[in-house]
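Each chain is listed here by its residues.
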Amino acid sequence: MEGTFCVQGIGSRPKLHVSTDGTGVVGHAGARLLADLADATGLTAAYSTVLRPLRPRGTGHDPGRIATDLAVMVADGGETITDLAVLRDQGEVFGPVASRPTAWRLLAAVDERVLDRLRSARAQAREAAWLQASETRCGIPAAKAGGREVPGLVLDIDATLITCHSGKEAAAPTYKGGFGFHPLLCFLASTGEGLSGRLRPGNAGANTAADHIAVLDDALAQIPDAQRHGTDILVRTDSAGSAKAFLTHVRDLRTRGIRTFFPVGYAITEPVRRAIRALPEQVWHPALDQDGTLREGAEAAELTGMADLAGYPAGTRITVRRERPHPGAQLSLFGQDEGLRHQVFLTDTPFTSGPAQFLEVRHRQHATVEDHIRCGKTTGFGRFPSRRFPVNAAWLELSLAAIDLLAWTRVLLLDGGLAAAEPRKLRYRILHVAARITRGGRRLHLRIPATWPWRHALAAAFHRLAALPRPAG
């Protein structure tokens, strides 16, 4: 109901008169940064190209633009297609935005072939974004572990559970007693880019080799040719990725000129327990913290040669870490027996590439994938909008595009703490700022409030965006 009413001031707060007749004011003004970045990296144009067959007779909204607007909306924190209204109702900033039914029709038209085209379009945009980072910054940052940079690229693969209603197609009981989906995802460790993801039923196996292979291959297809064939690529997983078929696939990729290596978690079986007990004390060395200092109460040792690794790729090593548990931690029976927590992992990194301590802290850094997944759940794939599985698979792909837009914003446009900020902080400080629209000198001006604490960072981001080199064509 429209009208004017008074809010009584409390304490020292000024008295307000609230009405709904404001003009020339926009909210979420910073989200325009994401929309422009999608254009600058060529994501919008690539989407338009691959989705052109879905535009009947060339009429109506461009499907590529609809896909971009959905990705921008999700990156901005939208949770349902209805949230497109935030962009649509501010046409002076975001231009024409499709209606909710039109957006639904697009998602409903995305089958597996169209999904592959969307992935290809995103790969084109990533190549442009990485080139822009090389030309305007210092390139894509490297992952770090143990106080030093990890050479090449680091890919982290992990699965997560998404709770949803039983009426959704392919939703199923999960191993934790819930109900929903069990997507498998791959992130670039250094930037948090969402390289790939596959939506799976809730009862999908955590250690299914075929799914890990599909997600890894999708992720590698996202990496530009120069990096895919010109640098080492480290593929990290927890013990769910220790299937021999998957690790053999990682090794076989080298025959195609892709220098892939793995560290993966490994289950502590009875033979491994016996090997750990047989280790002499002198082979244990202090473990490292992520800053490179010694980790108090933790040690690492090489188990290679003491455990049977038949069937694994040649040169596979096995390493163990032991650590005093924190108070209240639950231990396995083996841990209770020893009074220590043990973790074991496999790697095919050669002995010449570093001691067991560095390999252990490098693998332990895989835990940061949980942060990427947590942020991803606030950027689209924490909720799925449809009862139909293909629509939800398309939503997951656009969520990965939204995650990429946020990652490229940090890498290309921001400095300081904002360059490492999680999505919630970026939204609060940068994307959700209100601004005023004015016209003058034949220009449309977006006026950020002079009192906004992060106004200079946002203005600098827009200036950097305008200076980015554009992809050819």
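Worth saying up front: this structure is predicted, and the values here are computed from it rather than measured.

Okay, the overall build of the protein next. Regarding its fold elements, the protein presents 17 helices and 20 strands. A compact globule built from 473 residues should have a C-alpha radius of gyration of about 23 Å, and the protein, at 25 Å, falls within 12% of that. When its C-alpha atoms are laid out on the principal axes, the protein stretches across 80 × 60 × 50 Å. Out of the 473 residues belonging to the protein, those deemed buried represent 48%. Contacts in the protein between residues at least 24 apart in sequence constitute 67% of all its contacts with a sequence separation of at least 6. Roughly 22,100 Å² of accessible area belongs to the protein as shown, and the carbon and sulfur atoms make up 52% of that amount. Charge-centre separation for the protein: the mean point of 58 positive side chains lies 6 Å from the mean point of 47 negative side chains.

Vacant regions in the atomic arrangement are exposed by a probe of water-molecule size rolled over the atoms. For the structure shown, the criterion picks out two cavities of 30 Å³ or more. The computed volume of the largest cavity comes to approximately 50 Å³. For the largest cavity, the full set of lining residues is L51, A67, L106, L107, V110, L118, A394 and L398. For the lining of the largest cavity, the elements supplying multiple residues, two or more each, are α6 (100-108) and α15 (389-413). Of the residues belonging to the lining of the largest cavity, the class tally is eight nonpolar, no polar and no charged.

Time to look at helix α8 (residues 209-222). Taking 1.5 Å as the rise per residue, α8 with 14 residues should run 20 Å; its terminal C-alpha atoms sit 20 Å apart, in good agreement. Along α8, the residues classified as buried are A209, H212, V215, L216, D218, A219, L220 and Q222.

Turning our attention to the packing of α6 against α15. Contact pair α6 / α15: the axes reach a minimum separation of 8 Å and the direction vectors enclose 100 degrees. Looking at the two axes, α6 sits roughly perpendicular to α15. Counted together, W104, L107 and A108 of α6 and V391, A394, W395 and L398 of α15 form the full contact between these two elements. Considering only residue class, the contact of α6 with α15 consists of seven nonpolar, no polar and no charged.

Topologically, S242 is positioned in the loop between β12 (233-236) and α10 (244-252). A polar contact is formed between the side chain of S242 and the backbone oxygen of S239, at a distance of 2.7 Å. Leaving out residues up to four positions away in the same chain, S242 has contacts with L247, V264, G265, Y266 and Y312.

Right, let's get into unusual backbone geometry. Its identity is not glycine, yet H28 carries a phi of approximately 55 degrees, on the positive side. Tracing the backbone through its elements, the reader meets H28 in the loop between β3 (25-26) and α1 (31-40). A relative accessible area of 23% means that H28 is categorised as partly exposed. In this structure, R442 takes a positive phi of about 60 degrees despite not being glycine. When you line up the elements, R442 lands in the loop between β19 (435-440) and β20 (443-447). Judged by its relative accessible area of 91%, R442 is exposed.

Here the focus is the sheet that holds strand β18 (residues 341-347). Pairing between the strands of a sheet is mediated by backbone hydrogen bonds and can be parallel or antiparallel. If you trace the five strands from one edge of the open sheet to the other, you get β14-β18-β17-β16-β15, paired in antiparallel fashion. At either end of the open sheet lies a strand with only one pairing partner, and these are β14 (263-266) and β15 (285-288). Put simply, the sheet's adjacent strands are angled 40 degrees from each other on average, direction ignored. Note: β14 against β18, four bridges, orientation antiparallel. Considered in β18, the bridge of Y266 is made with V344. The strands touched by helix α11 (residues 270-278) are β14, β17 (317-323) and β18; relative to β18, the strand with the most contacts, the crossing angle is about 105 degrees. Helix α13 (residues 356-364) contacts β14, β15, β16 (294-302), β17 and β18 of the sheet and is inclined by roughly 30 degrees relative to β15.

Here is what the cut-offs are and how they apply
- Residues numbered from 1 in each chain as written.
- Predicted model: local features only at pLDDT ≥ 70, side-chain atom pairs only at ≥ 80, totals over all residues.
- Heavy atoms only, no water.
- Helix = DSSP H or I, 4+ residues; strand = E, 2+ residues; numbered from the N terminus.
- Rg over C-alpha atoms; globule rule 2.2 N^0.38 Å.
- Buried < 20%, exposed > 50% of the residue type's maximum accessible area, 1.4 Å probe, protein only.
- Contact = heavy atoms within 4.5 Å.
- Areas by Shrake-Rupley, 256 points an atom, 1.4 Å probe, with all protein chains shown as cover.
- Lys, Arg positive; Asp, Glu negative; His and termini not counted.
- Charge placed at Lys NZ, Arg CZ, Asp CG, Glu CD.
- 1 Å grid on protein atoms, 1.4 Å probe; cavity = no way out; pocket = protein on both sides within 12 Å on 5 of 7 lines; lining within 4 Å.
- Points joined across faces, edges and corners; volume = space filled by probe spheres on them.
- Nonpolar A, V, L, I, M, F, W, Y, C, P; charged D, E, K, R; others polar.
- Expected span 1.5 Å × (residues − 1).
- Axes fitted to C-alpha atoms, helices over the stretch in contact; angles between N-to-C directions.
- Parallel < 35°, antiparallel > 145°, perpendicular 65-115°, else oblique.
- Polar contact = N/O pair within 3.5 Å; in protein donor to acceptor, adjacent residues only side chain to side chain.
- Pairing = 2+ DSSP bridges.

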